[in-house]
Amino acid sequence: MVIIISGCGITRGVRNDQALVRKITLKGIDKDFSEAALNYVDKEQQPNNWLNLQFYYLFSKKGKREIGEGPRLLDSNLVEFSRLQIQKFLQSKGYLKVKVADSIIVKKKKAELVFTAIEGPMFRIRNFKDSIYDPKVKSLYRETRKSYSHVNTGGRFDTDSLAYDRDQFYLVMKRNGYFDFYRQYINYLPDSSYNKSVVDLVMTIDNPVDKPAHPIYTINNTLITISRSNGRVEGKADTIQVDSQFRFVDFSGRFKPHTVTDYIFQKKGQIYDLDKQTLTTSRLSELNVFRNVPSPTYEKLSDSTNRLNSKIDIVPLKKMSDRVEAEFLFNGGRYGYNVGNTFTNRNLFKEAAILQVKLNWSVLFDNSNNGVNGVSAGIQNQDFKTGVSLIYPRIISPFNFPNLAKFGVPHTTFSSNFQLFYQKLLVERKSFINSITYDFFETARKQHSLTPINIEFSSGVIDPVARKALLDSNRFSYVYLIGRTTFSSGSQYTFQYNANELNSYKNFYYFRGSLDIAGNTLNALSKVLNTSKDTLGQRTMFGYTFAQYVKGEIDYRLYRSFGGERQFIFRFNPGIGIPYGNSKQLIFEKNFYTGGANDIRAWLPRTLGPGQFNRASYGTDYVQRSRLKYLDQFGEIKIVANAEYRYKLADNFFGSKLKGAFFMDAGNVWRLHKQVENPNGEFRFNNILQSTAIGIGTGLRFDLSFFVFRLDAAFKFKDPQFNGSDQWVFIKHFNELLKAGDFKRAYIQANGTGIDKNGHVVGDSYNFMQLNFGIGLPF
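Residues numbered from 1 in each chain as written. Predicted model: local features only at pLDDT ≥ 70, side-chain atom pairs only at ≥ 80, totals over all residues. Heavy atoms only, no water.

### Overview of the overall build of the chain
Here is step 1: The helix and strand tally for the chain stands at 14 helices and 32 strands.
Here is step 2: Based on the C-alpha atoms only, the size of the chain along its principal axes is roughly 95 × 75 × 55 Å.
Here is step 3: Counting every position in the chain, which comprises 779 residues, the buried fraction comes to 47%.
Here is step 4: Of the contacts formed within the chain by residues at least 6 apart in sequence, a portion of 64% connects residues at least 24 apart.
Here is step 5: On the chain, roughly 38,900 Å² of surface is accessible, and the fraction owed to carbon and sulfur atoms is 56%.
Here is step 6: A distance of 1 Å separates the average location of the 104 positive side-chain charges in the chain from that of its 72 negative side-chain charges. (Helix = DSSP H or I, 4+ residues; strand = E, 2+ residues; numbered from the N terminus. Buried < 20%, exposed > 50% of the residue type's maximum accessible area, 1.4 Å probe, protein only. Contact = heavy atoms within 4.5 Å. Areas by Shrake-Rupley, 256 points an atom, 1.4 Å probe, with all protein chains shown as cover. Lys, Arg positive; Asp, Glu negative; His and termini not counted. Charge placed at Lys NZ, Arg CZ, Asp CG, Glu CD.)

Right, dumping it as structure tokens:
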């Protein structure tokens, strides 16, 4: 596309009597307002995005398809309209005497619009006072004004600030029972001294017609109506008078009253509060069982008590759904698929409890070593996962907790998961995990996740031939790691900050910290009960060795916006796992791995590290190298850093918004201690730079609003498995980026996985580039 577009002129669709707007120049405008002033130029007179315009020329068939954007042609009427809009904008910013002129420069069918402003003096507020007839309203205004007002004596006379103050006090009134209050009651009366460039300002709030004051309303009764999934209210309904406030009418017959009433925050006798109304609508929507939750409607009682009856009409989602997902991968003779199915029951026990049943099956086929070492092509490994989760929208506990839904719906999740992993000619591993997790919000920004009970059972059965070969080559730790049976009982905790900002373009930072501790309770019990020990001297419970460890991980991200959907993100993601007490190694599933679409993207998952470990250290042990692939590159320590710049390319590319990214990834995993099986794989402070991998790349993001397709091309820049200057593979071997040469041939010789029938060493080739396809952003 870049090659094609580079030869395309941007004016080829423009007639000789037309001109394409390519530049806008603003002169004489205060730098604080120049960027905002550009927005007041009519959209049809703003220059095209170059790539958007090329997409239009190439794919839209002269506007018949909605792809890209049509050429923005010069229109003198719209230029005059834009001039007036810029002038009004500057007047609203205090330049009441401003005059704006326009001029047009056309050259080779390209037009430049020039807007020149003579701003004159800025008008400032000399005096400010209020005139409010209702004494309660006056008191409320004077009590709250300092917390939000942008209108102050000596400040710039800015009509945007006046509108902001009006909106803020309108919300104050709506939070304090003034249901009937409207913005139109608030007026600003400026009296300008034109020659002195000052304004005397009076803010007035009128009373309602024929009333001495603004009435304060309280909540009375609430009618809750739940329709059928098709939105109809017909047939027999479950009707319950819950208490003196709530009357519950359910035409779907699927909900208990407290499922809804627990999240209605406006209670009988309380004053009307717009924030509580919004909170009610938000929380009911977040239950994920209702398709439509409109804002409550209110009816004033006909008497003089100033009470409101409210009505909430809700349309539920269909009770059950099923989602199937699949993906296919291909890389150098290996191909595979991943198929998943998720069944969801959205309203179990009539309490908005969500039941999810997940099945996932992954299969990897390998034809790269067909016939090598007597091994035929076929399934290399399989991974089958199934899990059941029951999610309640509340905290379920033997202890009484207050309503924690002010900042988000709390959840209690009961889950049970089973995994079966098979690696051909090596191992079959099973794991079974049961847990209870509580998720709740402390504030809108602070989220906690606590798993007080997490019980894991895992076992591995190594192929007898592979087991003997591992023992004969003194790789005892792998036999212990992937072949042992163990279980653990522990707790987990995760804290997140600013997760609610992740889809925004603001300047902010995100933090996620997690802690996983296991085995302490079992260790104490085993000592008290004096349980038996296994052959390695580790205590057992119920006949099995139990694991004891602590594992922590941090995900810190810094987001910086440059406007126009341009954003820079820096991410730092360290982690460490430490076995202690009854364990000398982490459980296999608890180790860190790196590489992949969301990590260090120039490497496939589980193919980097640990440290400077090089799989060439297997020598001519081709079978072991082949068997242990994807299993021998792990560590108890992880440090990953990512830097990514994101920007917009086109607004409309076949129905999606096309965005781009440049990125750099760095990091690795390391072993906690020196290990014979992973030479040079241990973590050392004096070797951290030498053992760090670096990848660079670029990518495209196809933003469809509800999800994002992502395609990244990442290149190995520095590879820690080599030494010295040989690590800088992108620079030193750039000539072999897209072809084979001496370096790649030597790599296959050193990393062979077998010998073919012709006596040639075969194995994994060295790939500089890795393509990653994913859904969603990497971070």
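### Structural notes on the sheet that holds strand β2 (residues 99-107)
Here is step 1: Spatially, the three strands line up as an open sheet ordered β1-β3-β2, and their pairing is mixed. Where the open sheet ends on each side, the last strands, each with one partner, are β1 (20-27) and β2. Shown here is a sheet whose adjacent strand axes are inclined to one another by a mean of 20°, direction ignored.
Here is step 2: Here nine bridges tie β2 to strand β3 (residues 110-118), and the two strands are oriented antiparallel to one another. Along β3, the bridge assignment pairs S103 with V114.
Here is step 3: Taken strand by strand, helix α4 (residues 76-92) contacts β1, β2 and β3, and its axis lies near 145° from that of β2. (Pairing = 2+ DSSP bridges. Axes fitted to C-alpha atoms, helices over the stretch in contact; angles between N-to-C directions.)

### Observations regarding the side chain of Q496
Here is step 1: Here Q496 shows up in strand β20 (residues 486-497).
Here is step 2: For Q496, a relative accessible area of 18% puts it in the buried group.
Here is step 3: Aside from chain neighbours lying at most four places away, what touches Q496 is R445, K446, Q447, Y510, F511 and R512.

### Structural notes on the packing of aromatic side chains
Here is step 1: Using the criterion set out here, one finds 43 aromatic pairs in the structure.
Here is step 2: Ring centres of Y647 and F662 lie 5.6 Å apart, and the angle between their planes is 25°; this geometry places the pair in the stacked category. One end of the pair, Y647, is in strand β26 (residues 637-653); the other, F662, is in strand β27 (residues 656-670), with 15 residues separating them in the sequence.
Here is step 3: On the accessibility criterion, Y647 (17% relative accessible area) is buried.
Here is step 4: Here Y747 and Y766 contribute two aromatic rings whose centre-to-centre distance is 5.0 Å and whose plane-to-plane angle is 75°, an arrangement assigned as edge-to-face. Of this pair, Y747 sits in helix α14 (residues 742-750) while Y766 sits in the loop between β31 (761-763) and β32 (769-775); the two residues are 19 residues apart in sequence, bridging distant segments of the chain.
Here is step 5: Residue classification places Y766 among the buried positions, given a relative accessible area of 3%.
Here is step 6: Counting every residue linked through ring pairs, the aromatic cluster contains Y141, F169, F181, Y182 and Y185.
Here is step 7: When the ring centre of F592 is taken as reference, the NZ or CZ atom of K551 above it lies at 4.6 Å.
Here is step 8: Above the plane of the ring of W603 lies K716, whose end atom (NZ or CZ) is 5.2 Å from the centre. (Phe/Tyr/Trp six-rings, centres within 6.5 Å; stacked < 30°, edge-to-face > 60°. Lys NZ or Arg CZ within 6 Å of the ring centre and 35° of its normal.)

### Observations concerning the nonpolar core
Here is step 1: Grouped together as the largest cluster of nonpolar side chains are 23 residues, with contacts concentrated most on F169, F181 and I205.
Here is step 2: Elements represented by at least two residues in this core include exactly β4 (124-132), α5 (135-144), α6 (159-175), β5 (186-193) and β6 (198-205).
Here is step 3: Of all the elements, α6 adds the most residues to this core, at five residues.
Here is step 4: Those residues in contact with F169, other than ones at most four positions away along the chain, are V137, L140, Y141, T144, Y148, I186 and I205. (Core = buried A, V, L, I, M, F, W, Y, C linked by side-chain atoms within 4.5 Å.)

### Observations concerning the packing of α5 against α6
When two helices pack together, you describe them by how their axes are tilted relative to each other and by the distance separating the axes.
Here is step 1: In contact at an axis separation of 11 Å, α5 and α6 are set at 120° when each is read in the N-to-C sense. Judged by the angle between their axes, α5 and α6 are oblique. Two packed elements cross with a definite hand, and for α5 against α6 that hand is right-handed. Facing α5, whose interface residues are V137, L140, Y141 and T144, α6 presents F169, V172 and M173.
Here is step 2: Looking at side-chain class alone, the contact of α5 with α6 contains six nonpolar, one polar and no charged residues. (Parallel < 35°, antiparallel > 145°, perpendicular 65-115°, else oblique. Left-handed = near helix turned anticlockwise from the far one by under 90°. Nonpolar A, V, L, I, M, F, W, Y, C, P; charged D, E, K, R; others polar.)

### Quick look at the environment of S227
Here is step 1: Examined against the element boundaries, S227 turns out to sit in the loop between β7 (218-226) and β8 (238-241).
Here is step 2: A relative accessible area of 4% places S227 in the buried class.
Here is step 3: Considered as a pair, S227 and V249 are 22 residues apart in the sequence and their alpha carbons are 8.6 Å apart.

### Some words on the sheet that holds β4
Within a sheet, neighbouring strands are paired by backbone hydrogen bonds and run either parallel or antiparallel to one another.
Here is step 1: With mixed pairing, the three strands of this open sheet are ordered in space as β4-β6-β5. Looking along the sheet, the strands with just one partner apiece sit at the ends: β4 and β5. On average, adjacent strands in this sheet sit at an angle of 20° to one another, irrespective of strand direction.
Here is step 2: Direction of pairing for β5 relative to β6: antiparallel, over a ladder of eight bridges. The partner of S192 across the bridge, within β6, is V199.
Here is step 3: Against the sheet, α5 touches β4 and β6, its axis set at about 145° to β4.
Here is step 4: Along the sheet, α6 contacts β5 and β6; its crossing angle with β5, the most-contacted strand, is approximately 155°.

### Quick word on the pattern of salt bridges
Here the idea is simple: oppositely charged side chains can pair when their charged atoms come close.
Here is step 1: Counted according to the given criterion, the structure contains 42 salt bridges.
Here is step 2: With its nearest N and O atoms 2.9 Å apart, the salt bridge here joins D555 to R557. In terms of burial, D555 and R557 fall into one category: buried.
Here is step 3: Each of the salt bridges in this network shares a partner with another, and the network as a whole consists of R601, E644, R646, D665, R701, R710 and D712. (Salt bridge = Lys/Arg side-chain N within 4 Å of Asp/Glu carboxyl O.)

### Here's the deal with a nonpolar patch on the surface
Here is step 1: Together, L700, L711, M769, L771, F773 and I775 make up an exposed nonpolar region whose accessible area comes to about 570 Å².
Here is step 2: Examining the composition of the nonpolar patch, we find that four residues originate from one element, β32, more than from any other.
Here is step 3: Mapped onto the elements, L700 comes out in strand β28 (residues 693-703). (Patch = residues over 30% accessible without salt bridge, like charges linked within 9 Å, V, L, I, M, F, W, Y side chains within 5 Å.)

### Some words on α5
Turn by turn, an α-helix covers 3.6 residues, leaving residues three or four places apart pointing in a common direction.
Here is step 1: Along α5, the residues that are buried comprise V137, L140, Y141 and T144. Buried residues in α5, looked at end-on, bunch into an arc of 100°, giving them a common side. The exposed residues of α5 that point more than 90 degrees off its buried face are P135, R142 and E143.
Here is step 2: Residues of α5 that are buried make contact with β4, α6 and β6. (Arc of directions from axis to C-beta.)

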